[in-house]
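# Structural description and commentary
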Amino acid sequence: MFDHAPSAGLRAPRAALAGDAPAIDLNGPWSFRLSPDAHASLDFVNPHYDDSAWDRLPVPSHWPLHGYGSPAYTNVSYPFPIDPPNVPDDNPTGDYRRVFEVPEGWDDAVLRFDGVDSHARVWLNGHELGFTTGSRLAAEFTAGPWLVTGRNVLAVRVHQWSAASYLEDQDMWWLPGIFRDVTLTRSTADLFVRATHDGRLSFEGDGLLSVPALGLTGLEPGVEARLDVTPWSAENPVLYDAVHVGATETVRLRIGFRTVSIENGVLLANGVPLKLRGVNRHEFHPDHGRAVPYETMREDVLLMKRHNVNAVRTSHYPPHPAFLDLCDEYGLWVIDECDLETHGFGQAGWRRNPSDDPAWADAYVERMRRMVERDKNHPSIIMWSLGNESGTGRNLGLMADWVRERDPSRPIHYEGDLTCADTDVYSRMYASVAEVEAIGKGEETPLDDPTLDARRRRMPFVHCEYAHAMGNGPGGLLDYQDLYDAHPRLAGGFIWEWIDHGLRHEKLGYAYGGDYGEPVHDSNFVIDGLVFPDRTPSPGLLDLKVVFAPVRITFPSTGEVSIENRYGFRDLTHLRFEATVEDVTTILEVPAEGGVVKLPATTPTKDETWLTVRAVLTADEPWAPAGHEIAWGQVRLTTPTPAPRSGGSLTGADFSEGTGRLIRLFGIEVEGPRLELWRAPIDNERFGGLDWHWRTMGLHRLTHRVDAVNRDEDRLTVVTRVAPAASDLGLRTTYTWTGVADGVLLEVHVVPEGEWKHPIPRLGVAMSIPAEYDQVTWYGRGPGEAYPDTGLAARVGRWSATVDEFQTPYVFPQENGHRAEVRWATLTDATGRGIRISGNYGLTARRWTTAALEEARHLPDLVPGDRIHLNLDLAHHGIGSASCGPGVLPQYELQARESTLTLHFTHP
Ligand code: IPT
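Residues numbered from 1 in each chain as written. Predicted model: local features only at pLDDT ≥ 70, side-chain atom pairs only at ≥ 80, totals over all residues. Heavy atoms only, no water.

In plain terms, the rule: UniProt positions are given in the numbering used here, feature names are shortened, and annotations may be inferred rather than shown by experiment.
Per an unreviewed UniProt entry, the protein goes by the name Beta-galactosidase and belongs to Nonomuraea endophytica. A UniProt comment under Sequence similarities (unreviewed entry) is attached to the protein, and it reads "Belongs to the glycosyl hydrolase 2 family."

What follows is the structure, encoded as structure tokens:
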């Protein structure tokens, strides 16, 4: 039943268009039954079949998200044996029925499915229309001849597995069903508009095209008009309303005039170098899977725009067509990627990879055609991508040949073939900073074939996936961005990925791979987005906003600020620049093109003071209100004069006699502080191997031995050795407590012993206080978390949060919430009593221990106890993105070294 044939009975693919032809929306509740295999009786296709015993299932939707079977997640692995084109006997099959009324005269109607996963066979009034595969591609069948006036019955059989599943091995949940719209329409129009930034307009169609705002009426197909236009760009997405009056219907569309080209190895849009500050977007909703509601698509676009994202790669399939309309409207550069991935063949040495097997040629080319024909009129789409991770082979070449013929106006992208034989850009994923720099300089390792090498050397570089945003991270964003900015050949790239695909789960919070008992799965590898499953921005997205900012604000010399315009297509006149010191704000006069501007004079104070310059929107943009912040920069004006610490006695603190352990501070029961090197491993460490080294070293099970306790009136010295069992590594650690006028001072002096071959997670002390001291106020970087290579969004200021708000709710629990460069913090109860800790340190505060954080697998596993656990750190190891890609760069590593942490404890 399943072979290489991609479809039968499909109409020629055509553009998604809004016509005035009548249409009947067939979304809504359908009758539904699920069978465990593909062989249930076909009696249900009979229009007189009685389905009153069936269930009701909404269309669009995925049946596993409505209680029929369950979702399953794999990244690369096929969840069935690799034996193409065969599929397993266990093949969940959903039968759908829908009764609908049709008025007279619909014999020209067409039945459209915008997306069915993965194989659908369709009958109308008992007549078989055909079948379709290509889950994320539109399929249209001729319906008119079999429609009757009045009651009609549509029957669809959907198989989860088909030969086509071998072509759809994307890193995501396996989710069958009719998950996009179903429409009966009398629209059959097609149109292909070509509009360049210099105002040339022509089209293929069967009628006349008019663009009233440009004074154009009745343009004939094949004739080129020359118009005076404002070009379309993602920064200024000007669209012109157009009308095409065709033989059978009138179609309205919005035309954007823009040109993509490659000159001297540089990617250009409208003749200007284009820097892609992009994200990879899967379609995902925590309740609906890939049946994403329109409002959610819009939310994605707005969130991207508000975080300075200017580009989207539709990884790894064409999105719902409405998403592309939104990209046109709000302005995002798009790489539209074909619904193709055969990654799992890599696990079989790429043997029998469909990409190189002629039996699959039709399936490949058909996929490309269906994408390009559907999406060809979008100005936002600047490249066609053949697919993702499908190895190499001649079928990819056939796809590319077909596109070059049909639409030479857009370059072709594909990452999986290093030779770039079929592409126009050199695309890589997860290349290291060093490699990207080499490519930027044109010094990459040559290909064996000199012709292909020379050809590739002339191509712009697209980093189609980088900075794997799994869990805490990604780190090191700026190191890449600096390179993209420095080298014309580098066209920028796309973060992996936009959203965590966590499915909402009653008990687990958000589910990931394995949570539904899948025998083969990839665990939380599907939780690697810049936004949490509910689309709350994660710290990674806030960082990205800073790195992608189209305005850079720096302070080259005292009294001056430099404002750099990093837009490609607009000046700065839509922005207001506000300089703020404490609570006084001055508006700066900034030239339209940016430049160096004088700062207002300020009066020096004895406290630390910072000046912040913010660039905000002067007026509403379609995607953000006036006042929305685009960029900011900060400079320190005055450094604090250290307060003299006159001597005092150690009366504020109680210590245990023999061990010198602190018991009470200002009457509050405390445990610790004592040296700590461990943090709950982040995904980059778990998947990147560092976690294994750390455990082998025993850093998660340090022992503490007290060697000496020396006490005099205002000083207590505790000499210890901190070391893991089964190792000769250790840290000679001396705690020196001194009484000062307003409290007590602690100096922790650490001297590593032995050979430390790997970086360490953190260096600092851990202590706990009772649960009621849960109000945190601090002066330092905030409001969010920051690690050595993250936290670009954290600016210096005075911040407040509760201990609960101190947590970053990574779906898979791990180290989080570290506030950096804290000068002082108070932890107080509702009455304002508590402790104040001054110094220069990093702070985490939690209602659970590091061990509990480490053991947790889902957020609900974290149960508040009766203590607040603090970490006061001198330093942390960086974050990197080693869960998929390079680890922490050397400059962000933390090595065991002799160091001193000084903390000053006082009353708040
Ligand atoms: C790369 C895939 O293209 C992407 O779909 C996703 O799986 C990502 O990895 C990891 O989250 S492939 C990887 C093996 C380089």
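Here the narrative resumes.
## Focus on the environment of I382
To be explicit about the condition: Segments assigned H or I by DSSP are reported as helices when at least four residues long, segments assigned E as strands when at least two residues long, and all are numbered from the N terminus. Type-normalised accessible area, obtained with a 1.4 Å probe on protein chains alone, sets the label of each residue: buried when under 20%, exposed when over 50%, and partly exposed for intermediate values. For this analysis, residues touch if any pair of their heavy atoms sits within 4.5 Å.
With respect to the helices and strands, the residue I382 is situated in strand 30 (residues 381-385). Taking the relative accessible area as the measure of exposure, I382 reaches 0% and is therefore buried. Through-space distance from the C-alpha of I382 to that of P145 is 39 Å; in sequence the pair is 237 residues apart. Sequence-distant contacts of I382, that is, excluding residues within four places in its chain, are made with R258, V260, L274, L276, W333, V334, R410 and P411.

## Concerning the side chain of S233
Rule in force here: Distance and chemistry together define a polar contact, namely a pair of N or O atoms within 3.5 Å, with one atom able to donate a hydrogen and the other to accept it when in protein, and with adjacent residues in sequence counting only for side-chain atoms on both sides.
Relative to the elements of secondary structure, S233 occurs in the loop between strand 21 (225-226) and strand 22 (240-245). A polar side-chain atom of S233 sits 2.9 Å from the main-chain amide nitrogen of N236. With near-sequence residues (within four places) excluded, S233 lies in contact with N270, W333 and F569.

## Some details on the site of the ligand
We apply this condition: The criterion for a residue being near a molecule or strand is simple. One of its heavy atoms has to lie within 4 Å of it. Computed with a 1.4 Å probe, the accessible areas rest on the Shrake-Rupley method; for each residue, only the protein chains presented here act as cover. Polar here means any residue outside two lists: the nonpolar Ala, Val, Leu, Ile, Met, Phe, Trp, Tyr, Cys and Pro, and the charged Asp, Glu, Lys and Arg; Gly therefore counts as polar.
Close contacts around the ligand come from 14 residues, with D171, H316, N388, E465 and H468 the closest. Measuring from an oxygen atom of the ligand, one finds a side-chain N or O atom of E465 at 2.8 Å. For the ligand, whose accessible area on its own is 390 Å², the fraction buried by protein is 85%. When the residues that make up the shell around the ligand are grouped by side-chain class, the tally is five nonpolar, five polar and four charged.

## Observations regarding the domain arrangement of the protein
Basically, it comes down to this: Domain segmentation is taken from an automatic or database assignment of domains. Accessible area that two parts lose when put together, evaluated with a 1.4 Å probe and summed over both, is termed the buried area. By definition, a salt bridge exists where a carboxyl oxygen of Asp or Glu is found within 4 Å of a side-chain nitrogen of Lys or Arg.
Per the domain assignment, the segments of the protein are domain 1 (7-185), domain 2 (551-638) and domain 3 (653-906). Listed per partner, the contact involves eight residues of domain 2 and seven residues of domain 3. Approximately 570 Å² of surface area, both sides summed, lies buried where domain 2 meets domain 3, with 43% of it carried by carbon and sulfur atoms. It is E608, W632 and Q634 that lose the most area in domain 2 upon contact with domain 3, and together they represent 69% of the buried surface on that side. Its salt-bridge partner being R795, residue E629 comes within 2.7 Å of it at the nearest N-O pair. Counting across the domain 2 and domain 3 interface gives three residue pairs in polar contact (both at pLDDT 80 or more). The set of elements that each furnish at least two residues to the side of domain 2 that touches domain 3 consists of strand 42 (609-617) and strand 43 (629-638). Considering every element that reaches the side of domain 2 that touches domain 3, the biggest residue donor is strand 43, with four residues. Of the residues in the side of domain 2 that touches domain 3, the class split is two nonpolar, two polar and four charged.

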